[in-house]
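# Structural description and commentary
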Amino acid sequence: MRHEQQTALIPLLIQKVEEYQPTEESSSEPGQRDRHDALLVVLDALIGLGAAVPVEEARKLYPEFAAQSIILLVRSPHDSQSALLEIFQDARANWSWLAAGNVLVKNRTPGFVALLLSRFTQHLSVSVVDPGVGSGSGGGGSECGFSLRGPKPGWPAVGLYQLTQFPERMTGLTATFLVGGDTTVYYWRVEPGNYDNPPDVPGSCDDGNRDRYRAQYLAKLMQVSCPQVDLDPYPQLRIVWNGAIHYREQLIAAVEEQRARFHRAVACLQESGLGLTSNEAPVPKPRLEVVIRDDRADRSAPLPAVLENNESASLRSAFSYPVY
């Protein structure tokens, strides 16, 4: 059907989607599993034919068929913003979250800004050094793949889908553009022979940092009205050790500066009419984590306690994973 472009079959295929009732949890029963796998064939055909599936039908598929659901919603000619906002609120994998977010940021969807700010965390890294000492950092990651299990006996090969913001990571496969943004989202389609539809979870793969992506969205929203407001999700502070008083002053000033940046961003978004109103949700409070590293040559005298009772910041030994 994909290759023959049998568009006359689209109404029948959509009817199969309408008849399908998703299950709360995966079932190992052959009948239920076969229903699930048969719908994979239907969805592969609908995507290949460029069909417009009703929004409510595409949305209900998300728990079982995340990538296919999002592809259909993003490409829908109908208003799918409410459905994508629900997915943006609950998505586990960043590729799904980004695909929904890239649509929502373009449309300035009500509720989107409040969600961004309520879960955005700044992670302040503080290094205390002796005079004349420098600093540096780095990182990396990898991409998830499809299951390599054998084919399903007696069943034809079907196209399985996975979203990605790293199209170059799957060797030998060409990614298809889905939705643009500061971080563009693509998808892969493969025919491995099996019916192991990839789940919408990060798993062991590195799918990026959600607080960095939130900062991108917020910068995009504020770039016209207040481009001078900068929310850095991972600010760094280097304090040259000149005694306890100087250390305390520098650390408290840095915390207050990050707090002030957050409040300026909130004020900008409220005044610019970008969807952050008192009717939507309470004004978000800043979320700030602080990790302090003592890089002094002589650590016999411990650093003085400064932030233990500070309501504006949470002192940690290591940063937490970005809030979903």
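An account of the accompanying structure is given in this report. (Residues numbered from 1 in each chain as written. Predicted model: local features only at pLDDT ≥ 70, side-chain atom pairs only at ≥ 80, totals over all residues. Heavy atoms only, no water.)

## Some remarks on the overall build of the protein
Applied cut-off: Where helices and strands are cited, they refer to DSSP runs of H or I of at least four residues and of E of at least two residues respectively, numbered from the N terminus. Only protein chains enter the calculation, and the probe is 1.4 Å; a residue is then buried if its accessible area is under 20% of its type maximum, exposed if over 50%, and partly exposed in between. Contacts are residue-level and defined by heavy atoms, with any inter-residue pair within 4.5 Å sufficient.
When helices and strands are tallied, the protein shows nine helices and seven strands. Evaluated residue by residue, the protein yields a buried proportion of 47% over its 324 residues. Residue pairs in contact within the protein that sit at least 24 positions apart in sequence constitute 78% of those at least 6 positions apart.

## Thoughts on the environment of Phe65
Along the polypeptide, Phe65 turns up in the loop between helix H3 (55-60) and helix H4 (66-74). Note on Phe65: relative accessible area 0%, which makes it buried. Taking C-alpha positions, Phe65 is 8.3 Å from Asp200, a pair spaced 135 residues apart along the chain.

## Some thoughts on the packing of aromatic side chains
Threshold: A pair of Phe, Tyr and Trp rings is counted when the ring centres sit within 6.5 Å of each other, with Trp represented by its six-membered ring. The angle between the planes then sorts it: under 30 degrees is stacked, over 60 is edge-to-face, the rest tilted. A positively charged side chain is recorded as over a ring if its NZ (Lys) or CZ (Arg) lies within 6 Å of the ring centre. The angle to the ring normal must also be within 35 degrees.
Applying the stated criterion across every chain, the model contains 12 aromatic pairs. Relative to Phe65, the ring of Tyr20 has its centre 5.8 Å away and its plane inclined at 70 degrees; by these criteria the two rings are edge-to-face. With Tyr20 in the loop between helix H1 (10-19) and helix H2 (30-49) and Phe65 in the loop between H3 and H4, the pair connects residues that are 45 residues apart, well separated along the chain. Exposure remark for Tyr20: the relative accessible area of 4% places this residue in the buried category. Judged by centre distance (4.6 Å) and plane angle (20 degrees), the ring pair of Phe88 and Trp97 falls under stacked. Judged by its relative accessible area of 1%, Trp97 is buried. Ring pairs connect the aromatic residues Phe88, Trp97, Phe112 and Tyr217, which therefore count as one cluster. A cation over an aromatic ring shows up here: Arg92 above the ring of Tyr324, its NZ or CZ 4.1 Å from the ring centre. A cation sits over an aromatic face here: Arg169 above Phe166, 3.7 Å from the ring centre.

## Details of the state of the cysteines
Quick reminder of the rule: Two cysteine sulfurs form what is called a disulfide whenever their separation falls within 2.5 Å.
Using the criterion set out here, one finds one disulfide in the structure. Each sulfur in the disulfide pair Cys226 and Cys268 lies 1.6 Å from the other. Taking the sign of the torsion about the S-S bond as the criterion, the disulfide between Cys226 and Cys268, at about -65 degrees, is left-handed. One end of the pair, Cys226, is in the loop between helix H8 (210-222) and strand S5 (236-240); the other, Cys268, is in helix H9 (residues 244-271), and 42 residues separate them in sequence. Accessibility expressed as a relative area gives 5% for Cys226, which makes it buried. Cys268 gets classed as buried once you look at its relative accessible area, which sits at 7%.

## Thoughts on the nonpolar core
Put simply, the rule is: Here, nonpolar core refers to any group of buried Ala, Val, Leu, Ile, Met, Phe, Trp, Tyr and Cys residues whose side-chain atoms link them within 4.5 Å.
Counting residues in each nonpolar core, the largest one holds 76 residues, and the members touching the most others are Leu46, Phe88, Phe112, Leu163 and Leu178. Beyond its immediate stretch of four places on either side in the chain, Leu163 contacts Ala67, Ile70, Ile71, Trp95, Ser96, Ala99, Leu178, Val185, Tyr186 and Tyr187. In this structure, Ile239, Tyr247, Leu288 and Ala313 belong to the second largest nonpolar core, which totals 14 residues.

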